[in-house]
Amino acid sequence: MGPLIGVLALQGGVEEHLSMLRALNVRTLPVRTLAELEEADALILPGGESPAHYRLLGRLGLLERLRQRICEGMPVWGTCAGAILLAGRITGQEPILHAADYTIERNSYGGQLSSFRAVVSVKGVGDAFPAVFIRAPRIIETGKGVAVLSSWQGHPVACRQAHILVTTFHPELTTDGRFHRYFIESVVGADCKVEP
Ligand code: GLN
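Reading the values: rules and limits
Residues numbered from 1 in each chain as written. Predicted model: local features only at pLDDT ≥ 70, side-chain atom pairs only at ≥ 80, totals over all residues. Heavy atoms only, no water. Core = buried A, V, L, I, M, F, W, Y, C linked by side-chain atoms within 4.5 Å. Buried < 20%, exposed > 50% of the residue type's maximum accessible area, 1.4 Å probe, protein only. Helix = DSSP H or I, 4+ residues; strand = E, 2+ residues; numbered from the N terminus. Contact = heavy atoms within 4.5 Å. Pairing = 2+ DSSP bridges. Axes fitted to C-alpha atoms, helices over the stretch in contact; angles between N-to-C directions. 1 Å grid on protein atoms, 1.4 Å probe; cavity = no way out; pocket = protein on both sides within 12 Å on 5 of 7 lines; lining within 4 Å. Points joined across faces, edges and corners; volume = space filled by probe spheres on them. Nonpolar A, V, L, I, M, F, W, Y, C, P; charged D, E, K, R; others polar.

### Considering the nonpolar core
(1) Moving on: Membership of the largest hydrophobic core comes to 32 residues, with the highest contact counts inside it found for Leu45, Leu66, Leu86, Leu97 and Tyr102.
(2) Moving on: Elements that contribute at least two residues to this core include exactly strand E1 (4-8), strand E2 (27-31), strand E3 (42-45), helix H4 (63-71), helix H5 (81-86), strand E5 (87-90), strand E6 (100-105) and strand E12 (164-167).
(3) Moving on: With four residues, H5 is the largest single contributor of residues to this core.
(4) Moving on: Excluding anything up to four places from it in sequence, Leu66 contacts Leu37, Leu43, Leu45, Leu57, Met74 and Leu97.
(5) Moving on: Formed by 31 residues, the second largest nonpolar core is a distinct cluster that contains Ile5, Val26, Leu165 and Phe179.

Written as C-alpha coordinates, this is what we have:
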(Lines give C-alpha, C1' and ligand atoms only; values in the text may rest on other atoms or scores of the structure.)
Protein backbone atom coordinates (compact mmCIF):
# COMPACT_ATOMS: atom_id res chain seq x y z
CA MET A 1 0.00 0.00 0.00
CA GLY A 2 1.34 3.44 -0.90
CA PRO A 3 1.71 6.32 1.55
CA LEU A 4 -1.30 8.18 2.85
CA ILE A 5 -1.08 11.79 1.70
CA GLY A 6 -2.93 14.24 3.91
CA VAL A 7 -4.24 17.60 2.80
CA LEU A 8 -4.82 20.11 5.59
CA ALA A 9 -8.54 20.69 5.16
CA LEU A 10 -9.33 23.79 7.17
CA GLN A 11 -9.79 26.38 4.45
CA GLY A 12 -8.78 27.16 0.87
CA GLY A 13 -7.84 24.93 -2.06
CA VAL A 14 -8.35 21.55 -0.41
CA GLU A 15 -10.52 19.75 -2.98
CA GLU A 16 -8.26 20.70 -5.87
CA HIS A 17 -5.26 19.01 -4.21
CA LEU A 18 -7.31 15.97 -3.25
CA SER A 19 -8.63 15.47 -6.76
CA MET A 20 -5.18 15.91 -8.30
CA LEU A 21 -3.83 13.26 -5.91
CA ARG A 22 -6.73 10.92 -6.66
CA ALA A 23 -6.04 11.28 -10.38
CA LEU A 24 -2.53 10.02 -9.62
CA ASN A 25 -3.94 6.99 -7.76
CA VAL A 26 -2.58 8.16 -4.45
CA ARG A 27 -4.28 7.43 -1.11
CA THR A 28 -5.54 10.70 0.34
CA LEU A 29 -6.81 11.98 3.66
CA PRO A 30 -8.33 15.38 4.44
CA VAL A 31 -6.74 16.41 7.76
CA ARG A 32 -8.79 18.33 10.33
CA THR A 33 -8.03 16.53 13.60
CA LEU A 34 -5.01 15.40 15.58
CA ALA A 35 -5.88 11.76 14.86
CA GLU A 36 -5.89 12.47 11.12
CA LEU A 37 -2.62 14.37 11.42
CA GLU A 38 -1.06 11.32 13.10
CA GLU A 39 -2.39 9.02 10.41
CA ALA A 40 -1.01 10.96 7.43
CA ASP A 41 2.43 9.96 6.11
CA ALA A 42 2.89 13.33 4.41
CA LEU A 43 0.93 16.56 4.29
CA ILE A 44 0.02 19.24 1.77
CA LEU A 45 -0.72 22.71 3.16
CA PRO A 46 -3.02 24.26 0.56
CA GLY A 47 -3.47 27.85 -0.54
CA GLY A 48 -6.07 30.05 1.08
CA GLU A 49 -5.54 32.69 3.73
CA SER A 50 -2.59 32.06 6.02
CA PRO A 51 -4.05 34.02 8.99
CA ALA A 52 -7.17 31.83 8.81
CA HIS A 53 -5.05 28.69 8.68
CA TYR A 54 -3.01 29.88 11.65
CA ARG A 55 -6.12 30.68 13.67
CA LEU A 56 -7.80 27.36 12.90
CA LEU A 57 -4.64 25.32 13.53
CA GLY A 58 -4.48 26.92 16.97
CA ARG A 59 -8.17 26.50 17.71
CA LEU A 60 -8.15 22.83 16.71
CA GLY A 61 -5.00 22.14 18.73
CA LEU A 62 -2.99 21.08 15.67
CA LEU A 63 -0.25 23.68 15.60
CA GLU A 64 2.31 22.18 18.00
CA ARG A 65 1.95 18.64 16.70
CA LEU A 66 2.25 19.85 13.12
CA ARG A 67 5.47 21.70 14.00
CA GLN A 68 6.78 18.55 15.67
CA ARG A 69 5.90 16.21 12.83
CA ILE A 70 7.66 18.48 10.33
CA CYS A 71 10.70 18.59 12.64
CA GLU A 72 10.63 14.81 12.81
CA GLY A 73 10.82 14.65 9.01
CA MET A 74 7.25 14.30 7.77
CA PRO A 75 7.30 15.29 4.07
CA VAL A 76 5.31 18.46 3.60
CA TRP A 77 4.42 20.68 0.66
CA GLY A 78 3.09 24.20 1.13
CA THR A 79 1.38 25.93 -1.79
CA CYS A 80 1.03 29.71 -1.52
CA ALA A 81 -0.55 30.30 1.93
CA GLY A 82 1.09 26.97 2.86
CA ALA A 83 4.46 28.44 1.89
CA ILE A 84 3.73 31.33 4.26
CA LEU A 85 2.97 28.90 7.10
CA LEU A 86 6.24 27.02 6.55
CA ALA A 87 8.51 30.06 6.25
CA GLY A 88 11.28 30.69 8.75
CA ARG A 89 10.70 34.41 8.39
CA ILE A 90 7.65 36.43 7.29
CA THR A 91 8.10 40.12 6.52
CA GLY A 92 6.37 42.25 9.17
CA GLN A 93 5.09 39.45 11.35
CA GLU A 94 6.21 36.47 13.44
CA PRO A 95 6.76 33.20 11.59
CA ILE A 96 4.11 30.50 12.04
CA LEU A 97 5.61 27.01 11.67
CA HIS A 98 9.19 28.22 11.28
CA ALA A 99 10.03 25.09 9.32
CA ALA A 100 12.32 26.16 6.47
CA ASP A 101 15.05 28.72 5.97
CA TYR A 102 13.55 31.41 3.75
CA THR A 103 11.95 34.81 4.09
CA ILE A 104 8.58 35.42 2.49
CA GLU A 105 6.51 38.55 1.94
CA ARG A 106 2.73 38.17 1.79
CA ASN A 107 0.66 39.57 -1.10
CA SER A 108 3.88 40.75 -2.61
CA TYR A 109 2.75 40.85 -6.23
CA GLY A 110 -0.29 43.03 -5.42
CA GLY A 111 -3.92 42.19 -4.66
CA GLN A 112 -6.52 39.98 -6.30
CA LEU A 113 -6.34 41.90 -9.57
CA SER A 114 -2.66 41.10 -9.75
CA SER A 115 -3.24 37.37 -9.89
CA PHE A 116 -1.58 36.05 -13.02
CA ARG A 117 -0.21 33.07 -14.90
CA ALA A 118 3.32 32.37 -16.00
CA VAL A 119 5.15 29.47 -17.55
CA VAL A 120 8.14 28.25 -15.59
CA SER A 121 10.80 25.54 -15.65
CA VAL A 122 11.12 23.53 -12.47
CA LYS A 123 14.18 21.39 -11.64
CA GLY A 124 13.10 17.80 -11.19
CA VAL A 125 9.61 18.52 -12.50
CA GLY A 126 10.16 19.73 -16.07
CA ASP A 127 9.82 22.62 -18.46
CA ALA A 128 6.80 24.66 -19.46
CA PHE A 129 4.96 24.22 -16.19
CA PRO A 130 1.85 26.41 -15.98
CA ALA A 131 2.14 28.49 -12.81
CA VAL A 132 -0.97 30.19 -11.43
CA PHE A 133 -0.27 32.96 -8.90
CA ILE A 134 -3.13 34.21 -6.72
CA ARG A 135 -2.41 37.01 -4.26
CA ALA A 136 0.92 35.30 -4.13
CA PRO A 137 3.65 35.77 -1.60
CA ARG A 138 7.21 36.39 -2.77
CA ILE A 139 10.22 34.52 -1.44
CA ILE A 140 12.74 37.29 -0.94
CA GLU A 141 15.68 35.41 0.55
CA THR A 142 16.71 31.79 0.98
CA GLY A 143 19.24 30.19 3.33
CA LYS A 144 22.07 27.89 2.33
CA GLY A 145 20.16 24.63 2.84
CA VAL A 146 17.35 25.64 0.50
CA ALA A 147 17.46 24.48 -3.14
CA VAL A 148 15.71 26.84 -5.53
CA LEU A 149 13.84 24.64 -8.04
CA SER A 150 12.32 27.46 -10.03
CA SER A 151 12.50 31.24 -10.24
CA TRP A 152 10.35 33.80 -11.95
CA GLN A 153 11.35 37.42 -12.47
CA GLY A 154 14.44 36.90 -10.33
CA HIS A 155 12.68 35.43 -7.28
CA PRO A 156 12.31 31.80 -6.22
CA VAL A 157 8.81 30.42 -6.80
CA ALA A 158 9.54 26.77 -5.94
CA CYS A 159 12.06 25.65 -3.30
CA ARG A 160 12.98 22.55 -1.42
CA GLN A 161 14.74 22.07 1.88
CA ALA A 162 15.10 18.30 2.45
CA HIS A 163 11.56 17.00 3.09
CA ILE A 164 9.97 20.44 2.81
CA LEU A 165 8.68 21.61 -0.59
CA VAL A 166 7.21 25.06 -1.17
CA THR A 167 5.63 26.77 -4.15
CA THR A 168 4.26 30.29 -4.25
CA PHE A 169 1.95 29.23 -7.09
CA HIS A 170 -0.84 26.65 -7.43
CA PRO A 171 -0.09 23.43 -9.36
CA GLU A 172 -3.42 22.05 -8.10
CA LEU A 173 -5.30 24.60 -10.21
CA THR A 174 -3.95 23.18 -13.46
CA THR A 175 -4.46 19.86 -15.22
CA ASP A 176 -0.71 19.21 -15.07
CA GLY A 177 0.01 16.51 -12.49
CA ARG A 178 3.81 16.70 -12.73
CA PHE A 179 4.29 18.71 -9.54
CA HIS A 180 2.13 16.40 -7.46
CA ARG A 181 3.96 13.43 -8.95
CA TYR A 182 7.29 15.06 -8.03
CA PHE A 183 6.11 15.50 -4.44
CA ILE A 184 4.98 11.89 -4.22
CA GLU A 185 7.94 10.32 -5.97
CA SER A 186 10.85 12.52 -4.99
CA VAL A 187 9.85 14.07 -1.67
CA VAL A 188 7.64 11.42 -0.15
CA GLY A 189 9.80 8.90 -1.98
CA ALA A 190 7.06 6.44 -2.76
CA ASP A 191 5.92 4.71 -5.91
CA CYS A 192 3.15 6.54 -7.61
CA LYS A 193 1.35 4.64 -10.30
CA VAL A 194 0.85 7.25 -12.94
CA GLU A 195 -0.17 6.48 -16.49
CA PRO A 196 2.43 7.85 -18.95
N1 GLN B 1 -2.60 36.04 0.20
C2 GLN B 1 -2.71 34.81 0.92
C3 GLN B 1 -2.02 34.89 2.28
O4 GLN B 1 -1.33 35.84 2.54
C5 GLN B 1 -2.16 33.64 0.12
C6 GLN B 1 -2.94 33.47 -1.15
C7 GLN B 1 -3.06 32.08 -1.65
O8 GLN B 1 -2.85 31.10 -0.93
N9 GLN B 1 -3.48 31.97 -2.88
O10 GLN B 1 -2.17 34.03 3.07
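This is not the end of the story, as more comes after the structure.
### Concerning the sheet that holds E6
(1) Moving on: Ordered by their spatial adjacency, three strands build an open sheet running E5-E6-E9, and the pairing between neighbours is mixed. Edge positions in the open sheet fall to E5 and strand E9 (138-142), since each of these has one partner strand only. In this sheet, adjacent strand axes meet at a mean angle of 35 degrees when their direction is disregarded.
(2) Moving on: The pairing of E6 with E9 spans four bridges and is antiparallel. Within E9, the residue paired with Tyr102 across the bridge is Thr142.

### Details of the layout of surface pockets
(1) Moving on: What the largest pocket holds in volume is close to 200 Å³.
(2) Moving on: Along the walls of the largest pocket sit 18 residues, with Gly47, Gly48, Ile134, Arg135 and His170 positioned nearest its centre.
(3) Moving on: Broken down by class, the residue content of the lining of the largest pocket amounts to six nonpolar, seven polar and five charged.

### Some words on the pairing of E6
Side chains on a regular strand alternate between the two faces of the sheet.
(1) Moving on: As paired elements, E5 and E6 share three bridges and run parallel to each other. Within the sheet, the bridge partner assigned to Ile90 lies in E6 and is Ile104.

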